[in-house]
Amino acid sequence: MAIEHGREASEAQIAVHWREEEYVRPPARFVGQANLADPTVLERFSEKNFPECFREYADMLHWDRYWHTTLDTSRPPFWKWFAGGKLNACYNCVDRHLAKHRNKAALIFVPEPEDEPIYAVTYQELFTRVNEVAAILRDFCGLSAGDRVTIHMPMIPELPITMLACARLGIIHSVVFGGFSGEAAGRRAADSGSRVMIYADGYYRNGKPIDHKASADIALDVAEKEGTKVERVLVWRRHHGQYLSSTAMVAGRDYFIDELVRQFARAKVDPLPMDAEAPLFLMYTSGTTGKPKGCQHRTGGYMAYVTGTSRYYQDIHPEDVYWCMADIGWITGHSYIVYGPLSLGATSVLYEGVPTCPDAGRPWRIAERLDVNIFHTSPTAIRMLRKAGPNEPKKYNYQFKHMTTVGEPIEPEAWRWYHEVVGKSEAVIVDTWWQTENGGFLCTTIPALHPMKPGSAGPGALGIYPIIYDEMSREIPAGSGKAGNICIRNPWPGIMQTIWGDDDRFVKQYYSKYCRNANSQDWRDWPYFAADGAVLPSDGYFRILGRVDDVINVAGHRLGTKELESACLTVPDVAEAAVVPVVDEIKGRVPAVYVSLKPGVSDGQRVSEQVIGTIEAIIGKIARPKAVYVVPDLPKTRSGKIMRRVLAAISNAMDTGDVTTLANPEIVEEIRLQVQGKEPVALKEGPEDVKQFGAVE
Ligand code: PRX
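Residues numbered from 1 in each chain as written. Predicted model: local features only at pLDDT ≥ 70, side-chain atom pairs only at ≥ 80, totals over all residues. Heavy atoms only, no water.

### Looking at the packing of aromatic side chains
Link 1 in the chain: Counted under the stated rule, the structure contains 47 aromatic pairs.
Link 2 in the chain: When the ring of Phe281 is compared with that of Tyr339, the centres are 6.3 Å apart and the planes differ by 5°; the resulting orientation is stacked. Placement of the pair is Phe281 in strand β14 (residues 279-285) and Tyr339 in helix α13 (residues 331-343), with a sequence separation of 58 residues.
Link 3 in the chain: According to the relative accessible area criterion, Phe281 is buried, its value standing at 0%. (Phe/Tyr/Trp six-rings, centres within 6.5 Å; stacked < 30°, edge-to-face > 60°. Helix = DSSP H or I, 4+ residues; strand = E, 2+ residues; numbered from the N terminus. Buried < 20%, exposed > 50% of the residue type's maximum accessible area, 1.4 Å probe, protein only.)

Here's what the structure looks like:
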């Protein structure tokens, strides 16, 4: 892995990232009303009370049968949480709120077109609609508990409605981000063995209607080639009775849900009590190989973890208006738009579109109009809104009490704009570090109890004990100034169960590296390896430096460079391909592609266009490279390995280091000239993840 031997992160290296900042205290007004302002919670969740401390989260749920064992460690690292318990996630998010809150808005939908009316879905209406869809899934599609359904949908209320309908019956949903291509959705549907896919016909993005159903036809072809026949496609229409797509509905295969629902109107489907360990959903994410992995999340532990963290860290109270601007197609949306907030009976805002559409004042107009007081977004969105409209927030009369940043490191400058301008210096900020695999927050401050430190996530969340190890499994102590691999020493309820269908990969990916004894049933022998580099100053606030593997974080979204490279290699004229991260002022990192051509091929321009088109088709537009360089050869070691580190250095104007031992050292200068031009460029230090990129392969 990339960060070796607890190497010193020198002042210069850290300075590239940013210097240690002063603390910022949470505003007294926030502290006075916070859900969690009692410092004894730190004692309750201290290591000596582990794992029983997590009862506090599980007790926030309704259990059909209470569990007998909080943590079962009999088969590490396949931990069981709340073993023996039974519950239903949908019941917890919907039914249990009806008695007191049936008329309260569960979801408020904000369409992207600003002249289209905003509407609310009350808990009663959510209950009715979820039941109707559950009836369709059970009685029309013949689905039952344990079956998988792939949902490829944009940000419309029908997405959480469909997810909750699945959860009601124990059907495992696998939501694929709407911006992924049909091909990406098809491969995920095949991996999960989904016989049913659920689509929307279209949606609005950046002021334009998007034909989304077209992706379904591609997805089904791809799934079939991979051995999975999808029998039914259910299609939600963005506007009832009006079809936004130009593709035909295939008779006997494709059905409009708004038509089916007529047969199932007023149907009621009892929520099925599920084992705490029954899988609730899969969420595919990128890793170090070309194949995305299906992170399998359990019902009981996941629900307990997202409910507890939503209450304590998002500080959601019944009267709050909470808006997380992420997409439900990512883990942030699952945990902190749908399951966490709805489990608390909160009001969760759903915005369909792009934050800067039609202008950079849009989010603040939405906040003012709905009186949003809790806001949750990513550093990329913050940077984008700051660039496009630095003074826009001042024009609108809203007041946030709490704001979250998630998904990437946030530089103190962007943090301060978020704090002073967006938060009007009156909102507390939590910088939450976690991953698709984790279910919920791992490092963050407790908003009313810890001061904030711009640019640092903070200490481990309650009941989470992080540690930084070097490559030799030695602990890197706090305050040493050394960078290393951040790990979590203990299991926690939100951790995934396994990779769908691939237990070996799960163990290898997350536990092999630092496991002390593969035969041990003691959780202390099984630290979780997160694949992020981090440093820990003496105050215990973790600062995340970025990925130490082949994953690049583009605008807070994970892309596997191997996935991109595999896509490039499907272009017939491409001989070899390498993908590297390039620092981008707004998106954090973006991919740059280097390809060499097969002998006899000379039309580089055509090939680079094909490479871009292919990446967009196989993965999606989010993976569109910043540049494609067609080069005569790629720099290689004598054993033939492509030196991605050298290419990353060139793309980021960093020092390429000693290249004389390469098999083809002369190519480095040739590529440098092609990328940087003849004028000498000022060399930069470059951030840790880029500097280390591909260092060890
Ligand atoms: O590198 C870390 C970065 O995002 C990765 C996880 O991405 P994903 O699974 O898509 O989940 C994103 C949302 C939970 C991590 O390995 N990351 C996430 N949050 C932060 C972060 N880096 C720095 N600071 C954060 N707050």
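Alright, that's what it looks like, and here's the rest.
### Observations concerning the side chain of Ser520
Link 1 in the chain: Position of Ser520 relative to the elements: it lies in the loop between α17 (503-510) and β24 (528-535).
Link 2 in the chain: At a separation of 2.9 Å, a polar atom in the side chain of Ser520 contacts the main-chain amide nitrogen of Asp522. (Polar contact = N/O pair within 3.5 Å; in protein donor to acceptor, adjacent residues only side chain to side chain.)

### Concerning the pattern of salt bridges
Link 1 in the chain: Applying the stated rule across the entire model yields 55 salt bridges.
Link 2 in the chain: For Arg543, the salt bridge is made with Glu20, and the minimal N-O distance between the two is 2.6 Å. Taken together, the residues span a long stretch of sequence, with Arg543 in strand β25 (residues 543-547) and Glu20 in the loop between α1 (11-17) and α2 (28-33) at a distance of 523 residues.
Link 3 in the chain: Here Glu20 falls in the partly exposed class, since its relative accessible area comes to 43%.
Link 4 in the chain: Note that Arg238 and Glu352 form a salt bridge whose closest N and O atoms lie 2.7 Å from each other. With Arg238 in the loop between β11 (232-236) and β12 (254-256) and Glu352 in the loop between β17 (347-351) and α14 (362-370), this pair connects stretches of sequence that are 114 residues apart.
Link 5 in the chain: Bridged by salt links that share partners, the residues Glu20, Lys453, Asp539 and Arg543 form one connected network. (Salt bridge = Lys/Arg side-chain N within 4 Å of Asp/Glu carboxyl O.)

### Concerning the packing of helix α20 (residues 644-651) against helix α21 (residues 666-676)
Link 1 in the chain: Contact geometry for α20 and α21: axes closest at 9 Å, N-to-C directions at 35°. Every pair of crossing elements has a handedness; the one defined by α20 and α21 is right-handed. Between α20, through Val646, Leu647, Ala649, Ile650 and Ser651, and α21, the contact on the second element is made entirely by Val668, Ile671, Arg672, Val675 and Gln676.
Link 2 in the chain: Its residues placed into classes, the contact of α20 with α21 shows 7 nonpolar, 2 polar and 1 charged. (Axes fitted to C-alpha atoms, helices over the stretch in contact; angles between N-to-C directions. Left-handed = near helix turned anticlockwise from the far one by under 90°. Contact = heavy atoms within 4.5 Å. Nonpolar A, V, L, I, M, F, W, Y, C, P; charged D, E, K, R; others polar.)

### What to know about the site of the ligand
Link 1 in the chain: The ligand sits among 17 residues. The nearest are Asp431, Thr432, Thr436, Asp532 and Arg547.
Link 2 in the chain: Between the ligand and Gln435 there is a distance of 3.0 Å, counted from an oxygen atom to a side-chain nitrogen or oxygen.
Link 3 in the chain: Separating an oxygen atom of the ligand from a side-chain N or O atom of Arg547 is a distance of 2.9 Å.
Link 4 in the chain: Taking 540 Å² as the accessible area of the ligand by itself, protein coverage stands at 96%.
Link 5 in the chain: Classifying every residue of the shell around the ligand gives 6 nonpolar, 6 polar and 5 charged. (Near = heavy atom within 4 Å. Areas by Shrake-Rupley, 256 points an atom, 1.4 Å probe, with all protein chains shown as cover.)

### Observations regarding the sheet that holds β25
Link 1 in the chain: Pairing within the open sheet is antiparallel, and its 4 strands lie in the order β21-β22-β24-β25. At either margin of the open sheet sits one strand with a lone partner, and together these are β21 (466-469) and β25. Averaged over all pairs of adjacent strands, the angle between their axes in this sheet comes to 45°, without regard to strand direction.
Link 2 in the chain: As paired elements, β21 and strand β22 (residues 483-488) share 4 bridges and run antiparallel to each other. Across the sheet, Ile467 pairs through a bridge with Cys487, a residue of β22. (Pairing = 2+ DSSP bridges.)

### Topic: α17
Link 1 in the chain: Of the residues making up α17, those classed as buried are Arg505, Phe506, Gln509 and Tyr510. Angular distribution of buried residues about the axis of α17 spans 105°; they occupy a single face of the element. Among the exposed residues of α17, those oriented more than 90 degrees off its buried face are Asp504 and Lys508. (Arc of directions from axis to C-beta.)

### Structural notes on the pairing of strand β20 (residues 428-432)
Link 1 in the chain: When you tally the buried positions in β20, you get 5 out of 5 residues, the bulk of the element.
Link 2 in the chain: Here β20 shows two buried faces, one formed by Val428, Val430 and Thr432 and the other by Ile429 and Asp431.
Link 3 in the chain: Where strand β19 (residues 402-406) and β20 come together, 5 bridges link them in parallel fashion. Note on β20: the bridge partner recorded for Thr404 is Val430.
Link 4 in the chain: In this fold, β19 hands off to helix α16 (residues 412-422), which returns the chain to β20; that crossover is right-handed. (Right-handed = clockwise from strand over helix to strand, strands pointing away.)

### Considering unusual backbone geometry
Link 1 in the chain: Geometrically, the link from Phe50 to Pro51 is a cis peptide bond, its omega value of 0° lying close to zero.
Link 2 in the chain: Relative to the helices and strands, Pro51 is located in the loop between α3 (40-44) and α4 (55-58).
Link 3 in the chain: The residue after Cys357, namely Pro358, is reached through a cis peptide bond having omega 0°.

### Focus on the environment of Leu683
Link 1 in the chain: Within the element layout of this structure, Leu683 appears in the loop between α21 and α22 (688-691).
Link 2 in the chain: Residues Leu683 and Ile650 lie 33 residues apart in sequence; the distance between their C-alpha atoms is 9.6 Å.
Link 3 in the chain: Setting aside its immediate chain neighbours within four residues, Leu683 contacts Ala653, Met654 and Asp655.

### A short note on the packing of helix α12 (residues 300-312) against α13
Link 1 in the chain: Where α12 contacts α13, the two axes come as close as 8 Å, and the packing angle between them is 85°. Between α12 and α13, the angle falls in the class roughly perpendicular. Of the residues in α13, those in contact with Tyr302, Met303, Val306, Thr307, Thr309 and Ser310 of α12 are His334, Ser335, Tyr336, Tyr339, Gly340, Pro341 and Ser343.
Link 2 in the chain: Grouping the constituent residues of the contact of α12 with α13 by class yields 6 nonpolar, 7 polar and no charged. (Parallel < 35°, antiparallel > 145°, perpendicular 65-115°, else oblique.)

### Here's the deal with the environment of Val261
Link 1 in the chain: Position of Val261 among the secondary structure elements: in helix α11 (residues 257-264).
Link 2 in the chain: Under the relative-accessibility criterion, Val261 is labelled buried at 19%.
Link 3 in the chain: As for Val261 and Gly686, which are separated by 425 residues in sequence, their C-alpha atoms are 55 Å apart.
Link 4 in the chain: Setting aside residues no more than four positions away along its own chain, Val261 makes contact with Glu132 and Ile136.

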